[in-house]
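Coordinates in review
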Amino acid sequence: MHYYYNPVHIIQGNNAIDKIPDLIKQIKSSNAHVLLLTWHPSVLTQDVFQKLINDKDFETYPLCFTASNPTINQLFETYQQTYDFSPDIVIAIGGGSVMDIGKSLCCLYNQKIDSIDELRTVINQKKYIVSPCKWIGVPTTSGTGSEVTCWATIWDTENNAKKSVECSDNYAYAAVVDPDLSAGMPISLAVSSALDAVSHAVESYWANASNITSQTLALNAVRLIMSNIDDLIDGKAFAHKAISQGSMLAGLAFSNTKTTACHSISYPLTMHYHIPHGTAVSMLLAPIFKINQSKIENLPLLLQALSVNNADELQKRIISILNRAGIPATLRQWHVDCRDLPQLAAQGITKGRADNNPVKLTPQIIENVLKSVY
């Protein structure tokens with residue numbers, strides 16, 4: 001029996017951000033305290049956000065969060081900075097890092113947290129108190145799908161750990177997916193983000209938790225992105241719309257299934273060597289595909305969506321895309337020390353990701369995977 005659930009209102013298309021004031025009024029008709037959390041001050045110069053800042057019906061707090069891969073210290077600092085404002089609505093405008101902070105805050109505002117260690121306890125024990133604060137996700141990159149999922153990635157660098165702030169009651173009220181916002185991305189970021197979305201979709205397709213709805217969403221996401229990614233690299237404007245749509249569909253797919261081995265193995269690569277997340281997972285996609293292929297239901301449909309015949313062709317395709325975008329495509333090119341591979345492999349088994357893979361992983365299997373992309 002298959003189950004699928006995602007309650008997020010989705011507004012997708014050019015000029016979608018113009019609908020944000022209406023969404024705010026749906027949540028709270030007047031006197032709303034709105035936290036505008038964004039990755040760069042330039043975003044706030046757009047007309048719709050200027051109107052929000054100047055609108056007397058709302059009290060607006062603009063705040064920039066510029067860090068990538070947000071840490072537990074940064075989450076605590078932002079929580080402290082905004083707690084007394086008592087937001088009714090958080091509008092997270094940016095990539096996955098900004099949305100991870102925004103949705104995490106909504107899990108925390110309903111309780112007083114006085115220290116980073118206390119915050120660690122809340123996250124580790126999932127002691128979330130459902131907050132009346134709602135959040136709206138406005139992605140400015142096309143890849144994370146964070147606007148339609150109910151979990152956030154927070155890094156505990158002091159303990160070399162990746163944490164998941166996860167609460168099934170913390171889906172966004174709405175996702176506003178406007179491809180115009182991602183049109184100005186540097187090509188390396190655009191491609192890395194797009195490949196992250198491909199990985200979301202492919203991993204969702206073969207995940208142990210996969211279902212008929214998520215598989216359909218995943219296949220459509222893969223087709224959209226892989227058939228338009230060369231045009232994205234070539235600077236063709238229409239490609240941004242297709243990649244934006246594909247990223248959203250991939251987010252809807254893995255919002256119910258989570259990801260698997262590629263993401264699990266990628267986390268220490270990002271933590272220790274700062275390999276961009278989308279690049280790290282895409283490098284792992286083909287070798288994990290090869291390991292999983294005997295367990296993948298309706299494998300020909302996935303190969304067809306990827307426009308390849310086998311895992312070896314997929315490996316060549318991913319390397320070609322990364323090379324065309326000027327992104328290093330091997331661990332050696334990212335200056336990973338080969339002596340670290342056993343340690344990276346041991347850290348690559350992440351609960352909720354590795355055990356969602358259709359083939360059981362061991363440190364030795366993961367080390368072999370890392371060697372194959374070295």
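Just above, that's the structure.
Presented here is a report on the structure given in the accompanying data block. Note that the coordinates shown come from a computational prediction; the quantities given were computed from them, not determined experimentally.

**Some remarks on the layout of surface pockets**
The computed volume of the largest pocket comes to approximately 1000 Å³. Lining the largest pocket are 43 residues, and of these Asn69, Gly95, Gly96, Ser97 and Thr144 sit closest to its centre. Of all elements in the fold, only helix H4 (96-108), strand E6 (151-156), helix H6 (187-206), helix H10 (261-273) and helix H11 (277-292) reach the threshold of two or more residues within the lining of the largest pocket. Top contributing element to the lining of the largest pocket by residue count: H6, with six residues. The class makeup of the residues in the lining of the largest pocket is 17 nonpolar, 23 polar and three charged. In terms of lining, the second largest pocket is formed by 20 residues, of which the most central are Lys162, Lys163, Ser164, Thr350 and Lys351. Within the residue set of the lining of the second largest pocket, elements represented by two or more residues are helix H5 (116-124), strand E7 (161-166) and H10. Ranked by residues supplied to the lining of the second largest pocket, first place goes to E7 with five residues. Among the residues forming the lining of the second largest pocket, the class breakdown is six nonpolar, seven polar and seven charged.

**Observations concerning the pattern of salt bridges**
Applying the stated criterion to the full structure yields 13 salt bridges. Taking the shortest distance from any N to any O, the salt bridge between Asp156 and Arg120 comes out at 2.7 Å. Here Arg120 lies in helix H5 and Asp156 lies in strand E6, a separation of 36 residues in the sequence. Arg120 shares its class with Asp156; the two are buried. A salt bridge links Glu367 to Lys371; the shortest N-O distance between them is 3.6 Å. With Glu367 and Lys371 both in helix H15 (residues 363-372), this residue pair falls four residues apart, about one helical turn.

**Things to note about the pairing of strand E3 (residues 58-64)**
As defined by bridge partners, strand E2 (residues 32-38) adjoins E3 across seven bridges and the pair is classed as parallel. Considered in E3, the bridge of Val34 is made with Thr60.

**Things to note about empty space enclosed by the protein**
For the structure on display, the rule yields one cavity of 30 Å³ or more. Taken together, Pro139, Thr141, Ser142, Gly143, Thr144, Gly145, Glu147, Val177, Ser244, Ser247 and Met248 form the lining of the largest cavity. The residue inventory of the lining of the largest cavity, partitioned by class, reads three nonpolar, seven polar and one charged.

**Quick notes on the sheet that holds strand E4 (residues 89-94)**
Reading across the sheet, the six strands line up as E1-E8-E5-E4-E2-E3 and stay open at both edges, with parallel pairing between neighbours. Among the strands making up the open sheet, the edge pair consists of strand E1 (9-12) and E3. Across the sheet, the mean angle separating the axes of adjacent strands is 15° when strand polarity is ignored. The strands touched by helix H3 (residues 72-83) are E2 and E3; relative to E3, the strand with the most contacts, the crossing angle is about 155°. Sheet strands in contact with H4 are E2, E4 and strand E5 (134-139), and its direction is about 170° off that of E4.

**Describing unusual backbone geometry**
Positive phi is not limited to glycine here, since Asn15 has a value of about 70°. Inspection of the secondary structure puts Asn15 in the loop between E1 and helix H1 (20-27). With phi around 50°, Asn160 is a residue other than glycine that occupies positive phi space. Within the secondary structure layout, Asn160 lies in the loop between E6 and E7. For Asn160, a relative accessible area of 47% gives the class partly exposed.

**A word on the packing of aromatic side chains**
Evaluated as defined, the whole model comprises eight aromatic pairs. Relative to Phe85, the ring of Tyr61 lies with its centre 5.3 Å away and its plane at 85°, an arrangement referred to as edge-to-face. Taken as a pair, Tyr61 in strand E3 and Phe85 in the loop between H3 and E4 lie far apart in primary sequence, 24 residues in all. A relative accessible area of 12% places Phe85 in the buried class. For the ring pair Tyr79 and Tyr83, a centre distance of 5.3 Å and an interplane angle of 50° mean the geometry is tilted. Placement of the pair is Tyr79 and Tyr83 together in helix H3, with a separation of four residues, close to one helical turn. Judged by its relative accessible area of 2%, Tyr79 is buried.

Quick notes on the rules
- Residues numbered from 1 in each chain as written.
- Predicted model: local features only at pLDDT ≥ 70, side-chain atom pairs only at ≥ 80, totals over all residues.
- Heavy atoms only, no water.
- 1 Å grid on protein atoms, 1.4 Å probe; cavity = no way out; pocket = protein on both sides within 12 Å on 5 of 7 lines; lining within 4 Å.
- Points joined across faces, edges and corners; volume = space filled by probe spheres on them.
- Helix = DSSP H or I, 4+ residues; strand = E, 2+ residues; numbered from the N terminus.
- Nonpolar A, V, L, I, M, F, W, Y, C, P; charged D, E, K, R; others polar.
- Salt bridge = Lys/Arg side-chain N within 4 Å of Asp/Glu carboxyl O.
- Buried < 20%, exposed > 50% of the residue type's maximum accessible area, 1.4 Å probe, protein only.
- Pairing = 2+ DSSP bridges.
- Axes fitted to C-alpha atoms, helices over the stretch in contact; angles between N-to-C directions.
- Contact = heavy atoms within 4.5 Å.
- Phe/Tyr/Trp six-rings, centres within 6.5 Å; stacked < 30°, edge-to-face > 60°.

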